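Observations on chain architecture
Listed below are the residues making up each chain.
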Amino acid sequence: MATTTIDIREQLPDDWREAMTPYLDQSVVASLNRFLTEEYASDVVYPPQEDLFRAFRLCPLETTQVLILGQDPYHRPGQAHGLSFSVRPGVPVPPSLRNIYRELAEEFGVDPPTTGDLTGWAGQGVLLLNAVLTVRAGAPGSHAKQGWEQVTDAAIRALAASRQRVVFVLWGAYAKRKAALVTGDRHVVLTAGHPSPMNVRGFRGCRPFGKIDAALAEAGRAGVRWV
């Protein structure tokens, strides 16, 4: 069977491609395209190709009001579907997302959601973006430093150039380093420890959802129904 050549710029939605292109090194993109083409042809890679840019398709640039940044996709079968921290319907809620839900439940006095599918957030302008958008099955971090970081940095820069307020939610040391990409005092950056069970004390009590809502309301943006 012939190998399908991957061209990530062609797969990006038009609005995101136009906004991100000025921040992209085309030689890096070409190298990443070659790497992904070979990886998808020779190994099991998550998410499936059709979900690579699902986060961008669900969040047009103009309506994106929150960015929640993850690191790389889940690496076990059936989990990753193109949204950071999210898993497909019916898949058990992973530990990091359980801690996010625990914070949400305590903040709003509600029961934690029973599904790990965050598509409902994405449909309200929450860009659930991983810094690296693919991973080899069973090998976390296996697609790091292949060019994805420049692509997703370009998305952060494109959002930072937006005239409307965007709330950038950066959890953990890796994500916090991306704060330097956010320019313009109209935006809000919220940081905390990563919600991983290995670092739960750094995340517990950060109460991010009310802060996001307050920042959006202050700027006249629509806000998010979290539950």
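The structure displayed is predicted, hence computed values, not measured ones.

Further remarks concern a nonpolar patch on the surface. Side chains of F108, V110 and V227 sit close together on the surface and give an oily, nonpolar patch of about 240 Å² of accessible area. In this fold, V227 is placed in the segment after α10 (208–218). Among the residues examined, V227 registers a relative accessible area of 59% and is labelled exposed.

Here we take up the nonpolar core. Residues M20, F56, W121 and W148 are the most contacted members of the largest nonpolar core, which totals 72 residues. The greatest single-element share of this core, amounting to seven residues, is contributed by helix α7 (residues 148–160). Residues in contact with W121, not counting those within four places in the same chain, are I68, I100, Y101, L104, V126, L128, F209, R225 and W226.

Turning our eyes to something else, we now look at helix α3 (residues 26–42). In this model α3 runs 24 Å from its N-terminal to its C-terminal C-alpha over 17 residues, within 8% of the 24 Å that 1.5 Å per residue would give. When α3 is considered as a whole, its buried residues turn out to be V29, L32, N33, F35, L36, T37, E39 and Y40. Tucked into the core, α3 has its buried residues touching α1 (8–11), β1 (45–46), β4 (135–136) and α7.

Turning to the side chain of N130, a few remarks are in order. Tracing the backbone through its elements, the reader meets N130 in strand β3 (residues 126–130). Of note is the side chain of N130, whose polar atom sits 3.3 Å from the backbone nitrogen of Q71. In this view, N130 contacts L69, G70, Q71, D72, P73, L83, S84 and T152; residues no more than four positions away in its chain are not counted.

The next subject is the packing of aromatic side chains. Within this structure, the stated rule accounts for eight aromatic pairs. Seen in terms of ring centroids, W16 and F56 are 4.9 Å apart; in terms of plane orientation they differ by 70°. Their pairing is edge-to-face. A residue pair is termed long-range when its members are at least 10 positions apart, and W16 in helix α2 (residues 14–20) and F56 in helix α4 (residues 54–58) qualify at 40 residues. Assessed through its relative accessible area of 0%, W16 is described here as buried. Judged by centre distance (6.0 Å) and plane angle (75°), the rings of F53 and W148 are edge-to-face. Highlighted residues: F53 in the loop between β1 and α4 and W148 in helix α7, separated in sequence by 95 residues. Given a relative accessible area of 1%, F53 falls into the buried group. Residue classification places W148 among the buried positions, given a relative accessible area of 0%. Linked through ring pairs, W16, F53, F56 and W148 together constitute an aromatic cluster.

Below, the discussion takes up the UniProt feature "active site" (unreviewed entry) in the chain. Taking the UniProt record as the reference, the feature "active site" (unreviewed entry) is found at D72. Note that D72 resides in the loop between β2 (66–70) and α5 (95–108). Since its relative accessible area comes to 22%, D72 is described here as partly exposed. In this structure D72 touches N130, V132, V135, P140 and G141, once residues within four positions along its chain are discounted.

What counts, and where the lines are drawn
- Residues numbered from 1 in each chain as written.
- Predicted model: local features only at pLDDT ≥ 70, side-chain atom pairs only at ≥ 80, totals over all residues.
- Heavy atoms only, no water.
- Patch = residues over 30% accessible without salt bridge, like charges linked within 9 Å, V, L, I, M, F, W, Y side chains within 5 Å.
- Areas by Shrake-Rupley, 256 points an atom, 1.4 Å probe, with all protein chains shown as cover.
- Salt bridge = Lys/Arg side-chain N within 4 Å of Asp/Glu carboxyl O.
- Helix = DSSP H or I, 4+ residues; strand = E, 2+ residues; numbered from the N terminus.
- Buried < 20%, exposed > 50% of the residue type's maximum accessible area, 1.4 Å probe, protein only.
- Core = buried A, V, L, I, M, F, W, Y, C linked by side-chain atoms within 4.5 Å.
- Contact = heavy atoms within 4.5 Å.
- Expected span 1.5 Å × (residues − 1).
- Polar contact = N/O pair within 3.5 Å; in protein donor to acceptor, adjacent residues only side chain to side chain.
- Phe/Tyr/Trp six-rings, centres within 6.5 Å; stacked < 30°, edge-to-face > 60°.
- UniProt positions renumbered as here; feature names shortened; annotations may be inferred.

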